[in-house]
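Topology and contacts: notes
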Amino acid sequence: MDYDSVADELYALRPEEFTAARASAVASARTAGDRELAERIRTLRKPSLAAWVSNLLVRSSPGEVEPLLRLGEGLRQAHQDLDGTQLRELSRRQHALIRALSLQARQLAKEAGHPIGESVQREVENTLHAVLADPEAARAWAGGRLAKPLSAAVGFPAAAEGARAQRPAPAPAPSRPGKKPSEQQKRRLAQARKDAEAAERELRKLQDEAAAAGQEAAEAKQQVEGLQRRVEELTGELERARNEHQQARFADRTARERARTADRRVREAGRKAATAAAQLERLTSPDV
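Described in the following lines is the structure provided in the data block. These numbers were taken from a predicted model, which means no experiment stands behind them. (Residues numbered from 1 in each chain as written. Predicted model: local features only at pLDDT ≥ 70, side-chain atom pairs only at ≥ 80, totals over all residues. Heavy atoms only, no water.)

Examining the overall build of the protein
The helix and strand tally for the protein stands at ten helices and zero strands. N-terminal to C-terminal, the α/β element order of the protein is α-α-α-α-α-α-α-α-α-α. By the burial criterion, 30% of the 288 residues in the protein qualify as buried. As displayed, the protein offers around 19000 Å² of accessible surface, 52% of which is attributable to carbon and sulfur atoms. (Helix = DSSP H or I, 4+ residues; strand = E, 2+ residues; numbered from the N terminus. Buried < 20%, exposed > 50% of the residue type's maximum accessible area, 1.4 Å probe, protein only. Areas by Shrake-Rupley, 256 points an atom, 1.4 Å probe, with all protein chains shown as cover.)

Here it is, written out as structure tokens:
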């Protein structure tokens, strides 16, 4: 039993399972005689819903982690080295990728039994902005143990870049000797562009998947509605059939009762007729 494995296990749980599991882990550490470990585990904070969704995205989609971290590195370097036009292009791709990942996180949360609203989704998006802007935030997110959402308070001002995109770009300043991008900067720029293109491809893929999922959901809804109408029709038919069955049973009992009464009357009439015939025969006999 060690701290990292316990922390990983706890932050992989659903939020409502966290507290009880943490208490159990603390008790196990104390039983093992490791009071220091017990105290470290006790200080682990239960994640908010937005933090849990952010952790879920990291754990459920590990292939998204490294590309986003590389894109963040490239964007931070690009903010220092590139002109406004290039920054605005990278910023546009950045926002598209974050939106796609936040939608993916929302779908994962729904599948895990915790649908989220717009406010929580915005917190997830803010966390992803922080991942791109701040190396420490990136490391915290990639660890999958967030207890609260992150804020993009540190790093390049992506929102300001988006606002400046509405204005004409100023004419580039004349180059001066010694100010040309270094080979390292060029490599970083190339990597940033490569990561941004990969992110855009991933965005298109996610958009296609979302559109397909939406179409499937619409078809499924239509099917459910059709089946519901059929159930209601069959329920009505079943109720009518039950009523008719009850009426038929009542009619059957009534008819059988009438048949028994008629049979009883026939037998009585037969006995009376036989008695009358016998009496008539005695009265008309010559011996009388």
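That shown, we press on.
Focus: the nonpolar core
Counting 33 residues, the largest nonpolar core has V53, L57, L68, L128 and W141 as the members making the most contacts within it. Those elements that place two or more of their residues in this core are α4 (49-60), α5 (65-81), α6 (84-111), α7 (118-133) and α8 (135-142). With eight residues, the single largest contributor to this core is α6. Leaving out residues up to four positions away in the same chain, L57 has contacts with L101, Q104, A105, L108, L128 and W141. (Core = buried A, V, L, I, M, F, W, Y, C linked by side-chain atoms within 4.5 Å. Contact = heavy atoms within 4.5 Å.)

So, the pattern of salt bridges
Should the charged atoms of two oppositely charged side chains come close, the side chains can pair. On inspection of all chains with the given rule, the structure shows nine salt bridges. One salt bridge connects E257 with R260, and the closest N-O pair in it is separated by 2.6 Å. Residue E257 and its partner R260 are located together in helix α10 (residues 183-284), separated by three residues, close to a single helical turn. By relative accessible area, R260 is classed as partly exposed at 43%. Ionic pairing is found between D263 and R267, a salt bridge with its closest N-O pair at 1.9 Å. Of the two residues, D263 and R267 both sit in helix α10, four residues apart, roughly one turn of that helix. With a relative accessible area of 38%, D263 lands in the partly exposed category. R267 gets classed as partly exposed once you look at its relative accessible area, which sits at 42%. (Salt bridge = Lys/Arg side-chain N within 4 Å of Asp/Glu carboxyl O.)

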